[in-house]
Amino acid sequence: MAFAVWLTGPPGAGKSTIADALFRRGLKAARLESDVLRSVLMPKAGYGEEDRETFYGAMLWIGNLLVEHGVSVVFDATAARRAWRDRARQSIARFLEVFVDCPRDVLAARDPKGLYKAAAEGRVTALPGAQTPYEPPLLPELVVRSDRESADAAADRILLLLRARGWL
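Being a predicted model, the structure only gives us computed values, none of them experimental. (Residues numbered from 1 in each chain as written. Predicted model: local features only at pLDDT ≥ 70, side-chain atom pairs only at ≥ 80, totals over all residues. Heavy atoms only, no water.)

Undergrad: Any chance you could explain the overall build of the protein here in plain terms?
TA: Across its full length, the protein holds seven helices and five strands. When the helices and strands of the protein are placed in sequence order, the string is β-α-β-α-α-β-α-β-α-α-β-α. By the compact-globule yardstick of 15 Å for 168 residues, the protein fits well, its C-alpha radius of gyration being 15 Å. Projected onto its principal axes, the C-alpha positions of the protein cover 45 × 35 × 25 Å. Within the protein, buried positions represent 44% of all 168 residues. Long-range contacts, defined here as pairs at least 24 residues apart, represent 75% of the contacts in the protein between residues at least 6 apart. Here the protein has roughly 8,400 Å² of accessible surface; of this, 55% comes from carbon and sulfur atoms. (Helix = DSSP H or I, 4+ residues; strand = E, 2+ residues; numbered from the N terminus. Rg over C-alpha atoms; globule rule 2.2 N^0.38 Å. Buried < 20%, exposed > 50% of the residue type's maximum accessible area, 1.4 Å probe, protein only. Contact = heavy atoms within 4.5 Å. Areas by Shrake-Rupley, 256 points an atom, 1.4 Å probe, with all protein chains shown as cover.)

Undergrad: For this particular structure, what's the right way to read the pattern of salt bridges?
TA: Two side chains carrying opposite charge are able to pair once their charged atoms lie near each other. Considering all chains together, one arrives at 13 salt bridges under this definition. A salt bridge links Asp 76 to Arg 31; the nearest nitrogen and oxygen atoms lie 2.9 Å apart. Highlighted residues: Asp 76 in strand E3 (residues 73–76) and Arg 31 in strand E2 (residues 30–33), separated in sequence by 45 residues. Under the relative-accessibility criterion, Asp 76 is labelled buried at 3%. A relative accessible area of 28% means that Arg 31 is categorised as partly exposed. (Salt bridge = Lys/Arg side-chain N within 4 Å of Asp/Glu carboxyl O.)

Undergrad: How should I be thinking about the packing of helix H1 (residues 15–24) against helix H7 (residues 151–164) in this particular structure?
TA: Between two packed helices, the angle of one axis relative to the other and the distance separating the axes together describe the packing. Where H1 meets H7, the axes come as close as 8 Å, and the angle between the chain directions of the two elements is 60°. Considering the angle they form, H1 stands oblique to H7. Crossing geometry of H1 relative to H7 is assigned as right-handed. Across from Thr 17, Ile 18, Ala 21, Leu 22 and Arg 24 in H1, the residues of H7 making contact are Ala 151, Asp 152, Ala 154, Ala 155, Ile 158 and Leu 159. A class-by-class count of the residues in the contact of H1 with H7 yields eight nonpolar, one polar and two charged. (Axes fitted to C-alpha atoms, helices over the stretch in contact; angles between N-to-C directions. Parallel < 35°, antiparallel > 145°, perpendicular 65-115°, else oblique. Left-handed = near helix turned anticlockwise from the far one by under 90°. Nonpolar A, V, L, I, M, F, W, Y, C, P; charged D, E, K, R; others polar.)

Right, here's the structure in full:
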């Protein structure tokens, strides 16, 4: 039976790096990466609440469709509002939420996409965790501290949990 893993955390926390590590380890799943999907589904959309609500609704619909057809999914997406991830939890029976946590000062120092610098300069106005809220999960199945744990170690822990649940 298919399952979904949602890697959530503020921008720059390491979600994509952990997803890469999962796939290098042979995880068979579709990857729904928000940066890629947004460019396809809503290339002219902004980052306001309404556009984000529409985008995450579409992303969840795709994820649900895949899982219902036997394809496991890795959501690689910030999804700053807890409600968006909670909808996924309610609609996908085999759901695992992984909170990729990292202190803000480390995020700003890493800044792989230059988002925190752009936010500080006012060129970005809706960065989750900086100018808009990021709502961490209340009860994630797993917490990864990406400032203390490598992406490979995090991927190993995720795979261990999936095996323990009998999903792999």
